[in-house]
Amino acid sequence: MSRIPEAFGRRKALIPYVTVGYPRPETALELVPRLEEWGADMVELGIPFSDPLADGATIQEASFMALGQGTTPARCLEVAARLRERVSLPLVFMTYYNPVLSYGLEGFCREAARAGVDGLIIPDLPHEEGVELEAAGERHGVDLVYLLSPNSSAERMQAVGRHSRGFIYLVSLTGVTGARRELPPELESFVGRVRQSATLPLAVGFGISTPEQTARAAEVADGVIVGSRLIQLIREDDGYAAAGEFIRGLRRALG
Amino acid sequence: MDTRNRRGYFGEFGGRFVPETLVPALEELERAYEHIKGDPAFWEEFNALGRDYIGRPTPLYHARRLSEYIGGAQVLLKREDLCHTGAHKINNALGQGLLARRMGKQRVVAETGAGQHGVATAAACALLDLECVVFMGSVDMERQSPNVRRMRLLGAEVRPVEAGSATLKEAISEALRDWVTHVADTYYLLGSVVGPHPYPTLVRDFQAVIGREAREQVMSAYGRLPDRIVACVGGGSNAMGIFYPFLDAPVPLIGVEAAGKGLDADTHSATLVKGRPGVLHGTRSYLLQDAHGQIEPTHSIAPGLDYPGVGPEHSFLRNTGRVQYVAVDDAGALESFRLLSRLEGILPALEPSHATFHAMSLAREMPKEGLVLVNLSGRGDKDIGIVAEALGL
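Read on for a plain summary of the structure.

The rules behind each value
- Residues numbered from 1 in each chain as written.
- Chains lettered and ligands numbered in written order.
- Predicted model: local features only at pLDDT ≥ 70, side-chain atom pairs only at ≥ 80, totals over all residues.
- Heavy atoms only, no water.
- Pairing = 2+ DSSP bridges.
- Helix = DSSP H or I, 4+ residues; strand = E, 2+ residues; numbered from the N terminus.
- Axes fitted to C-alpha atoms, helices over the stretch in contact; angles between N-to-C directions.
- Salt bridge = Lys/Arg side-chain N within 4 Å of Asp/Glu carboxyl O.
- Contact = heavy atoms within 4.5 Å.
- Phe/Tyr/Trp six-rings, centres within 6.5 Å; stacked < 30°, edge-to-face > 60°.
- Buried < 20%, exposed > 50% of the residue type's maximum accessible area, 1.4 Å probe, protein only.
- Lys NZ or Arg CZ within 6 Å of the ring centre and 35° of its normal.
- Polar contact = N/O pair within 3.5 Å; in protein donor to acceptor, adjacent residues only side chain to side chain.
- Buried area = accessible area lost by both parts, 1.4 Å probe.
- Nonpolar A, V, L, I, M, F, W, Y, C, P; charged D, E, K, R; others polar.

**Observations concerning the sheet that holds strand β5 (residues 107-112) of chain B**
Residue and element names in this part refer to chain B.
- Taken in spatial order, the four strands of this open sheet run β7-β6-β5-β8, and their pairing is parallel. The two strands at the open ends of the sheet, each matched to only one other strand, are β7 (157-161) and β8 (186-188). Averaged over neighbouring strand pairs, the angle between their axes works out to 25 degrees when direction is ignored.
- Bridge analysis of strand β6 (residues 131-137) against β7 gives five bridges, and the strand direction is parallel. The partner of Val 134 across the bridge, within β7, is Val 158.

This is the structure:
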């Protein structure tokens, strides 16, 4: 059974993203237990891909560096399994479709479940193309999380509401991942429209990097995802002090 | 995989593997394309510009001296190198440019490898008064610098892409990222039969004019169909363009990929010969990838073939056996470049030089009455630097 519902039950969920293998092979193993201590409710583990077309410069660079360290999907499964012994929060993989397809959909979901991974986020897999992976996830108890964006039609919002499992990932803006100075003014109305057609928890990501942005997103959504800013801070300070201050700050902003 | 009820598939290949943000834009494009498909006024404008601006129909040329040199079948060249801007790419750029204008888009983004699609797009945008941004890998900008200047002179902004191998693959990724970011007012003018549905169909339809003309020209000159048709395949748009109108005819079709420094070398670009199916840039097709699903670096002396993927319809035609795919290496391409230049006074682009080389080896084994049709998809001015260096001139 997926642990994802637990992340949304008691408070606004804080969901940090880390690329496995960046900047060092051990980083995720050291960082994720700390993220839990600092107030994260779920963690996204990025499996690096050579051609991350939904990602901005920061996560692209992290992906290339992680691949250069020899990070593979099999290695990420190992990392997840070792983390599962040390943390109780839900873990979800974020990656692109080709590494999963190459591993084998059935085998990947089976191994992910065995490693204690609760869900999968695949930004280049819209629900029309996700039939097989949805079925494999269902069989092994791994939630396939679909994404919606501000330009999604009402029909697509309803379809994603039916097909997504665990939560729905709302892309805050039309664009790629990466810290932005401001969130779009339409964020509230976007979340409101999705709310009308979906009962799953809604988490907002892309472009969120400050306590103010986090608080604003959480006014309307059930959770907030932060990636690029955390990656930058890990790069700047390998001792995690800056990352800790950042995540604790976001936790305070969320209440 | 059961894809019978899914749109945009050729058998198990194709589809629409893109971020959610692009799905509404692709649906809008698909609707607009369905609409113009049945609109005679659109095709009238397309055909008139084809005639007066591109210079269509392009000639079908009997390469007599080359054929004599080979001593086998006759080699016929479909002269897409004589198109305005120097390659078949303008057929598609102009068609999609007209479509963009109909859709009310003011800004066009495109990717380019060899620079031919970028130049064609820049020309079409100048003609149609559209803003134009072209993404190009910095390695390609270096080795195809004349085309960078041409694009700039035509009013396009050329943005270098430094990531990864800094070639066509990264240029496509970066164009897609730009499109995701400016989706409301931007048209993505994709240059080959790759990418998410409806691009593989739409680009093929704009390029099919090559095969339709060639079929009429061969029939009227020789009273029969050719015995072989050969075209180079990177993404595969010139090949789909010439093959498509012959798919129903009893003519063997051969696609020629780039074997680079050799198929056993670390890097080549022979996707259909050596790859396996996967998903890249929005489509399920054959790919050059490692055991973990990471896309592998490629190499070809011809920048337009230097791509780890291929159009999904080619993957389908490979698996059904309708088209045979082979690979020719850098040395072969250089050899036919040299021969065509010296024997016929034609400087061909390095991309179709791969096709010409294979056509020569086919012709050698065929009787004199045989007809081998090659799609000479572009001219070689852009490659003078690469070739001069390789041949030590």
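**Focus on the pattern of salt bridges**
Residue and element names in this part refer to chain B.
- Enumeration according to the criterion identifies 47 salt bridges over all chains in this entry.
- As a salt-bridge pair, Glu 157 and Arg 159 come within 2.7 Å of each other at their nearest N and O atoms.
- Bridged by salt links that share partners, the residues Arg 107, Glu 131, Glu 157, Arg 159 and Asp 178 form one connected network.

**Remarks on the sheet that holds strand β13 (residues 323-329) of chain B**
Residue and element names in this part refer to chain B.
- The strand order across the open sheet built from six strands is β3-β4-β14-β9-β10-β13, with neighbouring strands paired in mixed fashion. The sheet is open, and its two borders are formed by β3 (60-62) and β13, each paired with just one other strand. Geometrically, the sheet is characterised by an average inter-axis angle of 30 degrees between neighbouring strands, direction not taken into account.
- Across three bridges, strand β9 (residues 228-232) lies against strand β14 (residues 371-376) in parallel orientation. Within β14, the residue paired with Arg 228 across the bridge is Val 372.
- Here helix α10 (residues 209-222) sits on the sheet and contacts β3, β4 (74-79) and β14; the angle it forms with β4, its principal contact strand, is near 140 degrees.
- Contacts between helix α14 (residues 330-344) and the sheet are confined to β3, β4, β10 (253-260), β13 and β14, with β13 contributing the most and set at about 85 degrees to the helix.

**Details of the packing of aromatic side chains**
- Scanning all chains against the criterion turns up 16 aromatic pairs over all chains.
- The interplanar angle of 85 degrees and the centroid separation of 5.9 Å between the aromatic rings of Tyr 169 of chain A and Phe 206 of chain A together place this pair among those described as edge-to-face. One end of the pair, Tyr 169 of chain A, is in strand β7 (residues 168-171); the other, Phe 206 of chain A, is in the loop between β8 (202-205) and α10 (211-220), and 37 residues separate them in sequence.
- Taking relative accessible area as the criterion, Tyr 169 of chain A reaches 3% and is therefore assigned buried.
- Taking relative accessible area as the criterion, Phe 206 of chain A reaches 7% and is therefore assigned buried.
- Judged by centre distance (5.7 Å) and plane angle (40 degrees), the ring pair of Trp 43 of chain B and Phe 206 of chain B falls under tilted. Of this pair, Trp 43 of chain B sits in helix α2 (residues 40-54) while Phe 206 of chain B is found in helix α9 (residues 199-207), placing the two residues 163 residues apart along the sequence.
- Its relative accessible area of 0% is what places Phe 206 of chain B among the buried residues.
- Chaining the aromatic ring pairs together yields one cluster made of Tyr 33, Phe 42, Trp 43, Phe 46 and Phe 206 of chain B.
- The ring of Tyr 61 of chain B has Arg 79 of chain B sitting right over it, with the charged end atom 5.8 Å from the ring centre.

**With respect to the side chain of Asp 306 of chain B**
Residues and elements named next belong to chain B.
- Take Asp 306: it is sitting in the loop between β12 (283-287) and α13 (312-320).
- Separated by 2.6 Å, the side chains of Asp 306 and Thr 298 make a polar contact.
- With residues up to four places along the chain from it excluded, the contact list for Asp 306 reads Arg 143, Thr 167, Leu 168, Ser 269, Thr 298, His 299 and Ser 300.

**Things to note about the environment of Ala 62 of chain A**
All names here are of chain A.
- Its place among the elements puts Ala 62 in helix α3 (residues 57-68).
- Taking C-alpha positions, Ala 62 is 30 Å from Val 131, a pair spaced 69 residues apart along the chain.
- When neighbours within four sequence positions are excluded, Ala 62 is seen to be in contact with Thr 19, Tyr 22 and Ile 231.

**Observations regarding the interface of chain A and chain B**
- At the interface, 35 residues of chain A touch 39 residues of chain B.
- The junction of chain A with chain B conceals about 2800 Å² of combined surface from both sides, 50% of it contributed by carbon and sulfur atoms.
- At the junction of chain A and chain B, the tally comes to three salt bridges.
- When the shortest N-O distance is used, the salt bridge between Lys 169 of chain B and Asp 51 of chain A registers 2.8 Å.
- The interface formed by chain A and chain B includes 19 residue pairs in polar contact (both at pLDDT 80 or more).
- Among the secondary structure elements, those contributing two or more residues to the side of chain A that touches chain B are α3, α5 (97-103), α7 (131-140) and β6 (147-148) of chain A.
- Of the residues contributing to the side of chain A that touches chain B, the split by class is 18 nonpolar, 10 polar and seven charged.

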